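Fold and contact review
Okay, here's what each chain looks like letter by letter:
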Amino acid sequence: MKILFWIFLSSFILFCSCSSEPKHADEEANKSSLKQNTEDEVTIGREMAARLFARFGNYENTKAIQYVNFVGRTIADQVGRPELVYRFAILDTADENGYACPGGYIFVTRGLLSKLRTEDELATVLAHEIAHVNAKHMYQTIQAKKKITWTETLARLFTHGYGDLGASLSMIVDQGLNVLLNSGYGMEKEFEADKMGITFAAAAGYDPKALTAALARISKSGETQVLEKTHPPLQQRLNNLSRYSSENALEHGLIPLRAEVLKKRFAKFKLALDGSA
Amino acid sequence: MLPNRSKAIFCGLLLCLAVARVEAATSLWVQAVQVDLRGEPQMSAGSVMHLKRGDEVALLATQGLWLKVAVHGKAGWLSKIFLSDHPPIGSAELSKEVKVSMEKTTRRRSSSYAVSASTRGLQADRSISRRGEENQRPDYRSLEKMEKFKLDSRLISRFAAEAREGSL
């Protein structure tokens, strides 16, 4: 009986040792999986980005694009996913909205920019979109089917990826654009992006309360149809932001000199924006 | 037949293995460039220590968006949005093929990257272009401009420093 006990115990220990993969192997597996998922994300994201440009037009104002990228990258370099390159562009439409495509392709519209009054507001808007990318909201919604058979894989390799097998990129992109332009991510993901966004903005040195100011202004203007088509009602977002800010004591110490720098930079940006509008 | 002392050593070994496995499962890594470990689960709470990208922390407890973690012999709170279950891997190291793909012109998009992704069910965009709906046709020229727009990281650091230091 005792022999049986020791055989059982030894086998259990052996099982534990064998099933504990070496750390190096774990890291390699993680890296490989991350690489694959990132490739998929970027493939989907850039196709969606190309379709957004086609739909709305590219607002080619170098000074304005440069400023939006400076603010966006200030946040993304601090809190963005290190495996991605974050890019920011302006869509040439009077609609007031922002869009985040998987893989780090982020857009704000000319209409939304015209409503913003400070660099902090722009930062919190961009941080909201960065949060969608970081949390993989779109990618989770439209994730490509995972189980591909060996024959399908080989067929795609032989046809350099142009075989008509399996889920096609065009279908996934259609689905993604429908989420961006019509159905939205849903309340839960939008509230999460609001919370993450203002936390990211605060971590990068911006005033987290600026998102509330920007949304309140849009709400007051009454021009809420476009934004509320794909986002929760503005009043609900404002209530949630207020609760989250006080629960987490999200504060920001505005020093006069900093405020002055941001004011001057934003004034130059507005001039560039209005000058070519 | 083994004596009692051997049994104790055996059991101790078993316990160590079990603990090691649990510990490995609760490791998290800082993804933000730098972030403060806080004394309380609040952004305004005092900093226990500065953490940088790549630091490994052990999860102790969860409270909403906040995680209590242990690192370098100290315990504190971090928002989970700054952490991930894998070590940070830079875009350059992770995906050279992605970079190659980004640099190519839109007419030469059959890069190894696109092929690699296509083997997982992400068929390249030829079918999109075939759809024929003008308003749905992708604008790759603008995409290319977006991807080619580069900002030197030193200029971004200077941009951030201007605001921190309050001088242009």
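Residues numbered from 1 in each chain as written. Chains lettered and ligands numbered in written order. Predicted model: local features only at pLDDT ≥ 70, side-chain atom pairs only at ≥ 80, totals over all residues.

From N to C terminus, chain B includes 7 helices and 7 strands. Buried positions account for 26% of the 168 residues belonging to chain B. In chain B, once contacts between residues fewer than 6 apart in sequence are set aside, the share between residues at least 24 apart is 41%. (Helix = DSSP H or I, 4+ residues; strand = E, 2+ residues; numbered from the N terminus. Buried ≥ 20, exposed ≤ 12 C-beta atoms within 10 Å, placed from the backbone. Contact = placed C-beta atoms within 7 Å.)

A few words on the overall build of chain A. Assigned secondary structure in chain A consists of 13 helices and 3 strands. Counting every position in chain A, which comprises 277 residues, the buried fraction comes to 45%. Sequence separation of at least 24 residues holds for 72% of the intrachain contacts in chain A that already meet a minimum separation of 6.

Attention now moves to the pairing of strand S1 (residues 27–30) of chain B. Residue and element names in this part refer to chain B. Only one face of S1 is covered, namely the face carrying Leu28 and Val30; the face carrying Ser27 and Trp29 is uncovered. As defined by bridge partners, S1 adjoins strand S4 (residues 56–63) across 3 bridges and the pair is classed as antiparallel. By the bridge assignment, Leu28 is partnered in S4 with Val57. (Pairing = 2+ DSSP bridges.)

Quick look at the sheet that holds strand S2 (residues 98–101) of chain A now. Think of a sheet as strands paired side by side through backbone hydrogen bonds, with each pair either parallel or antiparallel. Residue and element names in this part refer to chain A. In spatial order, the strands read S1-S3-S2; together these 3 strands make up an open sheet with mixed pairing. Two strands close off the open sheet at either side, each with one partner strand: strand S1 (87–91) and S2. Each adjacent strand pair in this sheet contributes to an overall mean axis angle of 20°, direction not counted. Lying over the sheet, helix H5 (residues 119–134) contacts S1, S2 and strand S3 (105–109), oriented at roughly 25° with respect to S2. (Axes fitted to C-alpha atoms, helices over the stretch in contact; angles between N-to-C directions.)

Let's shift gears to the packing of helix H10 (residues 210–221) of chain A against helix H12 (residues 234–247) of chain A. All names here are of chain A. Contact pair H10 / H12: the axes reach a minimum separation of 10 Å and the direction vectors enclose 160°. Classed by the angle they form, the pair H10 and H12 counts as roughly antiparallel. In the packing of H10 onto H12, the handedness of the crossing is left-handed. For the pair H10 and H12, the contacting residues are Leu211, Thr212, Leu215, Ala216, Ile218 and Ser219 in the first and Leu234, Gln235, Arg237, Leu238, Leu241 and Ser242 in the second. By residue class, the composition of the contact of H10 with H12 is 7 nonpolar, 4 polar and 1 charged. (Parallel < 35°, antiparallel > 145°, perpendicular 65-115°, else oblique. Left-handed = near helix turned anticlockwise from the far one by under 90°. Nonpolar A, V, L, I, M, F, W, Y, C, P; charged D, E, K, R; others polar.)

All right, on to unusual backbone geometry then. Despite not being glycine, Lys136 of chain A has its phi angle at roughly 55°, a positive value. By the secondary structure assignment, Lys136 of chain A is in the loop between H5 and helix H6 (137–141). What makes Lys136 of chain A partly exposed here is the crowd of 15 C-beta atoms within 10 Å. The phi angle at His72 of chain B is positive, at roughly 45°, despite the residue not being glycine. Here His72 of chain B is to be found in the loop between strand S5 (66–71) and strand S6 (74–79).

All names here are of chain A. Among the 5 residues in S3, 5 count as buried, and that is most of the element. Across the two faces of S3 the burial is the same, with Tyr105, Phe107 and Thr109 and Ile106 and Val108 all buried. Bridging between S1 and S3 involves 5 bridges; their strand directions are parallel. When the bridges of S3 are listed, Phe88 appears paired with Ile106. Judged from the 4 bridges that link them, S2 and S3 form a sheet pairing that is antiparallel. Residue pairing in the sheet places Tyr99 in a bridge with Phe107 of S3. Linking two consecutive strands that pair antiparallel, namely S2 and S3, is a turn of 3 residues; a positive phi of about 85° is found at Gly103 within it.

What follows is about the confidence of the model for chain B. Fine structural detail should not be taken from predicted coordinates in areas where pLDDT scores are low. Residue and element names in this part refer to chain B. In this model, chain B carries a mean pLDDT of 73, and residues with pLDDT of at least 70 account for 57%. Least confident of the elements in chain B is helix H5 (residues 126–130), whose mean pLDDT is 43; most confident is helix H6 (residues 140–148), at 95. Contacts from residues 97–113, a stretch scored under 50 in pLDDT, to residues over four places away or in other chains number 25 contacts. For the stretch residues 124–135, pLDDT sits under 50, and the model shows 22 contacts to residues farther than four places along the chain or on other chains. The ipTM assigned to the predicted complex is 0.80, against a pTM of 0.77. (pLDDT = per-residue confidence, 0-100.)

The next point concerns the environment of Pro88 of chain B. Relative to the helices and strands, Pro88 of chain B is located in the loop between strand S7 (83–84) and helix H2 (91–94). Residues Pro88 of chain B and Glu40 of chain B, 48 residues apart in the sequence, show an inter-C-alpha distance of 25 Å. Excluding anything up to four places from it in sequence, Pro88 of chain B contacts Pro82 of chain A together with Trp29, Gln31, Arg53 and Gly54 of chain B.

Residues and elements named next belong to chain B. Mapped onto the elements, Ile81 comes out in the loop between S6 and S7. Ile81 gets classed as buried once you count the C-beta atoms within 10 Å, which come to 22. Considered as a pair, Ile81 and Ala32 are 49 residues apart in the sequence and their alpha carbons are 8.9 Å apart.

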